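# Topology and contacts: notes
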Amino acid sequence: MSDLRIGIDLSHAERNAIAVREMLIALRTKYALGLYEYCKEVSIAPGVLPYSHPVIRLNTALFTETALLASYIHEQMHWYVTWYSHKHTDQWRVVWAALEQRYPNPPIGRDEGADTLASTHLHLIVNWLEIEALSSLIGAEAARAHVANLHYYRWIYASVLRDWRALGEIYASHQLVPILPAHEMSPEDLALAARLDEA
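Just so we're clear, the structure is a prediction, and the values are computed from it rather than from any experiment.

### Comments concerning the overall build of the protein
Helix and strand counts for the protein stand at 8 helices and 2 strands. Along the protein, from the amino end to the carboxyl end, the secondary structure elements read α-β-β-α-α-α-α-α-α-α. Against the globule reference of 16 Å for 199 residues, the protein gives a C-alpha radius of gyration of 18 Å, in line with a compact fold. A buried classification covers 43% of the 199 residues belonging to the protein. Taking all contacts inside the protein whose residues are at least 6 apart in sequence as the whole, residues at least 24 apart take part in 72%. Summed over all atoms, the accessible surface of the protein reaches about 10,600 Å², with 55% contributed by carbon and sulfur. A distance of 1 Å separates the average location of the 16 positive side-chain charges in the protein from that of its 23 negative side-chain charges.

In structure tokens, the structure reads:
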């Protein structure tokens, strides 16, 4: 029999999760986040990668208001894009084809791109929308400065910032933007947004 005692102390992780939760609650009071809240269920856990579906998952490494706000908006934009892809499938395919043509060989990998080619193309949309929504809340200069210093999706964010106007024209011409506020969506629209994959 071993005389070794091994305990598990999750108190620090729990305190961090509570701090992120309280910060998010405060941000919802400070900013009009309801415009972009297509999903109203959030899970906070240490050490996880943020994710959008089936509920929004955030981690506890978000130590600043701007970082938490941007991550939260980013995951909400995944819901918005999922809705758009199913609501406007023909236009979605045209937008996707335009991105494939414009960026035929983007980098793959979390530091520069996303995990797959399709995900990298998807994030050229999601990250653009994230910056657009974040700019409406904290201003364009602060939003752009934040994403320019992130250690992930570096090529995607750099491309979005460099090609901002051209991408915006593609998205606007196919009614992806302006971003439809969450409160203007019907229950059927929100059900489309909740699907696990884009069309």
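From this point, the narrative continues.
### Thoughts on the environment of Ile18
Topologically, Ile18 is positioned in helix α1 (residues 11-30). As for Ile18 and Glu169, which are separated by 151 residues in sequence, their C-alpha atoms are 41 Å apart.

### Points about the pattern of salt bridges
One pass over the full model with this rule turns up 8 salt bridges. For the salt bridge of Lys87 with Asp189, the shortest nitrogen-to-oxygen distance reads 3.3 Å. Of this pair, Lys87 sits in helix α2 (residues 65-87) while Asp189 sits in helix α8 (residues 187-193), placing them 102 residues apart in sequence. With a relative accessible area of 8%, Asp189 lands in the buried category.

### Quick look at the packing of helix α4 (residues 117-138) against helix α5 (residues 140-148)
Where α4 contacts α5, the two axes come as close as 7 Å, and the packing angle between them is 135°. Taken together, the axis directions place α4 and α5 in an arrangement best described as oblique. For the element pair α4 and α5, the recorded crossing hand is right-handed. Every residue of α5 that contacts α4 at Glu130, Ile131, Leu134, Ser135 and Ile138 is listed here: Ala140, Ala142, Ala143, Arg144 and Val147.

### Brief notes about the packing of aromatic side chains
Aromatic rings considered in pairs are described by the distance between their centres and by the relative angle of their planes. Counted under the stated rule, the structure contains 10 aromatic pairs. On the numbers, 5.4 Å between centres and 85° between planes, the contact of Trp128 with Tyr171 is edge-to-face. Separated by 43 residues along the polypeptide, Trp128 in helix α4 and Tyr171 in helix α7 (residues 164-173) bring together distant segments of the chain. The two residues Trp128 and Tyr171 agree in class, both being buried.

### What about the nonpolar core?
In this structure, Tyr38, Met77, Tyr80, Ile125, Leu129, Tyr171 and Ile179 are the most contacted members of the largest nonpolar core, which totals 57 residues. Take this core: its biggest share by element is 12 residues, from α2. Setting aside residues no more than four positions away along its own chain, Tyr171 makes contact with Val95, Leu99, Leu124, Ile125, Trp128, Leu176 and Val177.

### What about the packing of α2 against helix α3 (residues 89-102)?
Two numbers describe how α2 lies on α3: the axes approach to 5 Å, and their chain directions differ by 115°. It follows that α2 is roughly perpendicular to α3 by the angle criterion. Between α2, through Val81, Tyr84, Ser85, His86 and Lys87, and α3, the contact on the second element is made entirely by Thr89, Gln91, Trp92 and Val95. Residue composition of the contact of α2 with α3, by class: 4 nonpolar, 4 polar and 1 charged.

### Comments concerning α7
Buried within α7 we find Trp164, Leu167, Gly168, Ile170 and Tyr171. Here the buried residues of α7 occupy an arc of 160° about the axis, which is enough to place them on one side. Turned more than 90 degrees from where α7 packs its buried face, Arg165 and Glu169 sit exposed. Buried residues belonging to α7 abut α3, α4, α5 and α6 (154-162). Among the residues trailing α7, Gln175 stands out with phi positive, at a value near 60°.

Reading the values: rules and limits
Residues numbered from 1 in each chain as written. Predicted model: local features only at pLDDT ≥ 70, side-chain atom pairs only at ≥ 80, totals over all residues. Heavy atoms only, no water. Helix = DSSP H or I, 4+ residues; strand = E, 2+ residues; numbered from the N terminus. Rg over C-alpha atoms; globule rule 2.2 N^0.38 Å. Buried < 20%, exposed > 50% of the residue type's maximum accessible area, 1.4 Å probe, protein only. Contact = heavy atoms within 4.5 Å. Areas by Shrake-Rupley, 256 points an atom, 1.4 Å probe, with all protein chains shown as cover. Lys, Arg positive; Asp, Glu negative; His and termini not counted. Charge placed at Lys NZ, Arg CZ, Asp CG, Glu CD. Salt bridge = Lys/Arg side-chain N within 4 Å of Asp/Glu carboxyl O. Axes fitted to C-alpha atoms, helices over the stretch in contact; angles between N-to-C directions. Parallel < 35°, antiparallel > 145°, perpendicular 65-115°, else oblique. Left-handed = near helix turned anticlockwise from the far one by under 90°. Phe/Tyr/Trp six-rings, centres within 6.5 Å; stacked < 30°, edge-to-face > 60°. Core = buried A, V, L, I, M, F, W, Y, C linked by side-chain atoms within 4.5 Å. Nonpolar A, V, L, I, M, F, W, Y, C, P; charged D, E, K, R; others polar. Arc of directions from axis to C-beta.

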